[in-house]
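Descriptive analysis of the structure
If you want the building blocks of each chain, they are given just below.
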Amino acid sequence: MADQLGVGIIGCGNISTTYLRLAPLFRGLEIRAVADVVLAAAEKRAEEFDVEPQTVDALLSNDAIDVVINLTIPDAHYRVSSAILEAGKHVYSEKPFVLSVEDGLHLKALADGKGLRVGSAPDTFLGGAHQHARKLIDDGAIGTVTAGTAYVMSHGMEMWHPNPGFFFQPGGGPILDLGPYYITDLVNLLGPVRRVAAITGMGTPTRLVTADGPFKNKEIPVGTPTNVHALLDFQSGASVMLGASWDVWAHRHRTIEIYGTEGSLFVPDPNWFGGTVEVAGRDGKIAEATRWDHPFGVENDIRPHAAFANYRTAGLADMALAILHDRPSRCSLDLALHVVDVMTSILKSGEMGAFVDLQTTCERPEALDPEAAAALLA
């Protein structure tokens, strides 16, 4: 049996550097080629990371490639992933892997018919902090979970992204762009969602781009909700209030808080793998949880203003080993599809003004304890 899968990348934008830089940390995979509709972009990335540049068609017909990472824009994810599956290769997609439940079900049918896997980011819920929070919940540290809150708030993308237009059109917005991190982590912690309700709106009909680039000082239209307040009703009986907005200049909300019959749990930013987990009992005193020696909680991304635990590609490595050893993968299609269902149902509820029942469900992904995490590392 092979001990490694050959990996290709379609889409050589900024996020491709993360996969190319971090993939060598993990077992079971080797990035062998990159492709882009603009060949010069693939050639630039290939030279930077010593891999082969190819056209998209050449990569899809490359026998050395077993899995393709789909890093195209969200609106192209379904089309590109379909082509990858038709070429007989497994798919690992950036989030969100599709923009509708219907497209996700079509991909599932296509993959199942060909005996292939589809996986999707985000994989940050595999991080040391989030797996620690899950263990505390599973061990009963805060009793039975009854409720929670989650907030992702800022003033959007136009201040830092050189071409932010797609963020403000259907397929973008704070729910579909950042919501996958929060909702995936909540499903990891609490299980699947039963129904949702939401109020949605737009702060302004246009945005002024202030980031350096070709669109600086230009107005761009807003075509999707930028301010969302949602209620998630989980199958477990817990309910979570989710606020996602790009119309906020400042706030003091924590990222995720989970409330139980015996205490409260404070979970760090699900856009990262690490951070400090805090817990309080019935006395209401908040303290840092006893440190957990988890490989994906170690700070390995040192930046001028801070240090982060960054193990993006862990989900791909887990999928590669799952394929090689014929076991379920944690960043599965079923999980990603349920998260898409939650997000699109939130937007639908905002339009309807009523609760929306989820079409899908999923199992909580298997926990990734320190030993299991270490087994993914090279």
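You'll find the structure just up there.
Everything in this summary refers to the structure shown in the same document. (Residues numbered from 1 in each chain as written. Predicted model: local features only at pLDDT ≥ 70, side-chain atom pairs only at ≥ 80, totals over all residues. Heavy atoms only, no water.)

**Considerations on the pattern of salt bridges**
- Under the defined criterion, the tally for this structure stands at 22 salt bridges.
- A salt bridge links Asp-138 to Arg-134; the shortest N-O distance between them is 3.3 Å. Taken together, the positions of Asp-138 and Arg-134, both in helix H6 (residues 128–138) and 4 residues apart, correspond to about one turn of that helix. (Salt bridge = Lys/Arg side-chain N within 4 Å of Asp/Glu carboxyl O. Helix = DSSP H or I, 4+ residues; strand = E, 2+ residues; numbered from the N terminus.)

**With respect to empty space enclosed by the protein**
- Using the criterion set out here, one finds 2 cavities of 30 Å³ or more in the structure.
- When residues of the lining of the largest cavity are assigned to their parent elements, the largest contribution, 5 residues, is made by helix H10 (residues 333–352).
- Its residues assigned to classes, the lining of the largest cavity shows 12 nonpolar, 3 polar and 1 charged.
- Of the voids in this model, the second largest cavity is the one considered here, and its volume is about 40 Å³.
- What lines the second largest cavity is Ile-15, Tyr-19, Glu-94, Ala-121, Pro-122, Asp-123, Thr-124, Tyr-181 and Arg-312.
- Residues that form the lining of the second largest cavity fall into these classes: 5 nonpolar, 1 polar and 3 charged. (1 Å grid on protein atoms, 1.4 Å probe; cavity = no way out; pocket = protein on both sides within 12 Å on 5 of 7 lines; lining within 4 Å. Points joined across faces, edges and corners; volume = space filled by probe spheres on them. Nonpolar A, V, L, I, M, F, W, Y, C, P; charged D, E, K, R; others polar.)

**Topic: the nonpolar core**
- Counting residues in each nonpolar core, the largest one holds 111 residues, and the members touching the most others are Tyr-92, Phe-97, Leu-232, Ile-258, Leu-265, Phe-296 and Ile-346.
- Discounting chain neighbours no more than four positions away, the residues touching Leu-232 are Leu-186, Val-193, Arg-195, Val-196, Ala-238, Ser-239, Val-240, Leu-242, Val-342 and Ile-346. (Core = buried A, V, L, I, M, F, W, Y, C linked by side-chain atoms within 4.5 Å. Buried < 20%, exposed > 50% of the residue type's maximum accessible area, 1.4 Å probe, protein only. Contact = heavy atoms within 4.5 Å.)

**Section: the environment of Tyr-151**
- You can see Tyr-151 is positioned in strand S7 (residues 145–153).
- Its relative accessible area of 16% is what places Tyr-151 among the buried residues.
- The spacing of Tyr-151 and Val-193 is 42 residues in sequence and 17 Å in space, taken between C-alpha atoms.
- Among residues more than four places away in sequence, those in contact with Tyr-151 are Tyr-182, Gly-243, His-253, Arg-254 and Thr-255.

**Describing the sheet that holds S7**
- With mixed pairing, 9 strands are arranged side by side in an open sheet as S16-S15-S14-S13-S7-S12-S11-S8-S19. Two strands close off the open sheet at either side, each with one partner strand: strand S16 (286–288) and strand S19 (356–357).
- With 4 bridges connecting them, strand S13 (residues 256–260) and strand S14 (residues 264–267) associate as antiparallel partners. By the bridge assignment for S14, Glu-257 is matched with Phe-266.
- Relative to S14, H6 is tilted by about 170°, and along the sheet it contacts S7, S13 and S14. (Pairing = 2+ DSSP bridges. Axes fitted to C-alpha atoms, helices over the stretch in contact; angles between N-to-C directions.)

**Re the packing of aromatic side chains**
- All chains considered together, the criterion is met by 8 aromatic pairs.
- Geometrically, the ring pair formed by Trp-272 and Phe-308 is stacked, given 4.1 Å between the ring centres and 20° between the ring planes. A residue pair is termed long-range when its members are at least 10 positions apart, and Trp-272 in the loop between S14 and strand S15 (278–280) and Phe-308 in strand S18 (residues 307–308) qualify at 36 residues. Here Trp-272 matches Phe-308 in class, with each residue buried.
- One cation-aromatic arrangement involves Arg-195 over Phe-355; the distance from NZ or CZ to the ring centre is 3.9 Å.
- Here the guanidinium or amino end of Arg-312 rests over the ring plane of Trp-272, the centre of that ring lying 5.3 Å away. (Phe/Tyr/Trp six-rings, centres within 6.5 Å; stacked < 30°, edge-to-face > 60°. Lys NZ or Arg CZ within 6 Å of the ring centre and 35° of its normal.)

**Looking at the packing of helix H4 (residues 77–86) against helix H5 (residues 101–114)**
- Between H4 and H5, the least distance of the axes is 10 Å, while the angle of their chain directions is 10°. When the axes of H4 and H5 are compared, the pair comes out roughly parallel. On H5, the residues touching Tyr-78, Ser-81, Ser-82, Leu-85 and Glu-86 of H4 are Asp-103, His-106, Leu-107, Leu-110, Ala-111 and Lys-114. (Parallel < 35°, antiparallel > 145°, perpendicular 65-115°, else oblique.)

**Let's talk about the pairing of strand S12 (residues 239–245)**
- Buried residues dominate S12, accounting for 5 of its 7 residues.
- Note: S7 against S12, 7 bridges, orientation parallel. Residue Thr-149 lies in a different strand from S12, and its bridge partner there is Met-241.
- As judged from the 7 bridges shared by strand S11 (residues 227–234) and S12, these two strands associate in the antiparallel manner. Pairing of Asp-233 across the sheet is with Ser-239, part of S12.
- The turn linking S11 back onto S12 is made up of 4 residues, and Gly-237 within it adopts a positive phi angle of 105°.

**Some remarks on H10**
- Its 20 residues place the ends of H10 28 Å apart at the C-alpha level, agreeing with the 28 Å of an ideal helix rising 1.5 Å per residue.
- Burial runs high along H10: 14 of the 20 residues are buried.
- Gly-353 sits one or two residues past H10 and shows a positive phi near 75°. (Expected span 1.5 Å × (residues − 1).)

**A short note on H5**
- Compared with an ideal rise of 1.5 Å per residue, which puts 14 residues at 20 Å, H5 spans 20 Å between its outermost C-alpha atoms and is within 8% of the ideal.
- Three or more residues of H5 are buried, namely Val-101, Gly-104, Leu-107, Leu-110 and Ala-111.
- Each element contacted by the buried residues of H5 is listed here: H4, strand S6 (118–120) and H10.
- Remark: Gly-115 follows H5 within two positions and exhibits a positive phi of approximately 70°.

**Some thoughts on a nonpolar patch on the surface**
- Among the surface-exposed residues, Leu-231, Met-241 and Phe-355 lie close enough to one another that they form a single nonpolar patch of about 260 Å² accessible area.
- Following the sequence through the fold, Leu-231 ends up in strand S11. (Patch = residues over 30% accessible without salt bridge, like charges linked within 9 Å, V, L, I, M, F, W, Y side chains within 5 Å. Areas by Shrake-Rupley, 256 points an atom, 1.4 Å probe, with all protein chains shown as cover.)

**Some thoughts on the environment of Asp-301**
- In this fold, Asp-301 is placed in strand S17 (residues 301–302).
- Considered as a pair, Asp-301 and Tyr-311 are 10 residues apart in the sequence and their alpha carbons are 9.0 Å apart.
- In contact with Asp-301, not counting residues within four places along its chain, are Arg-21, Trp-272, Ala-306, Ala-307, Phe-308 and Asn-310.

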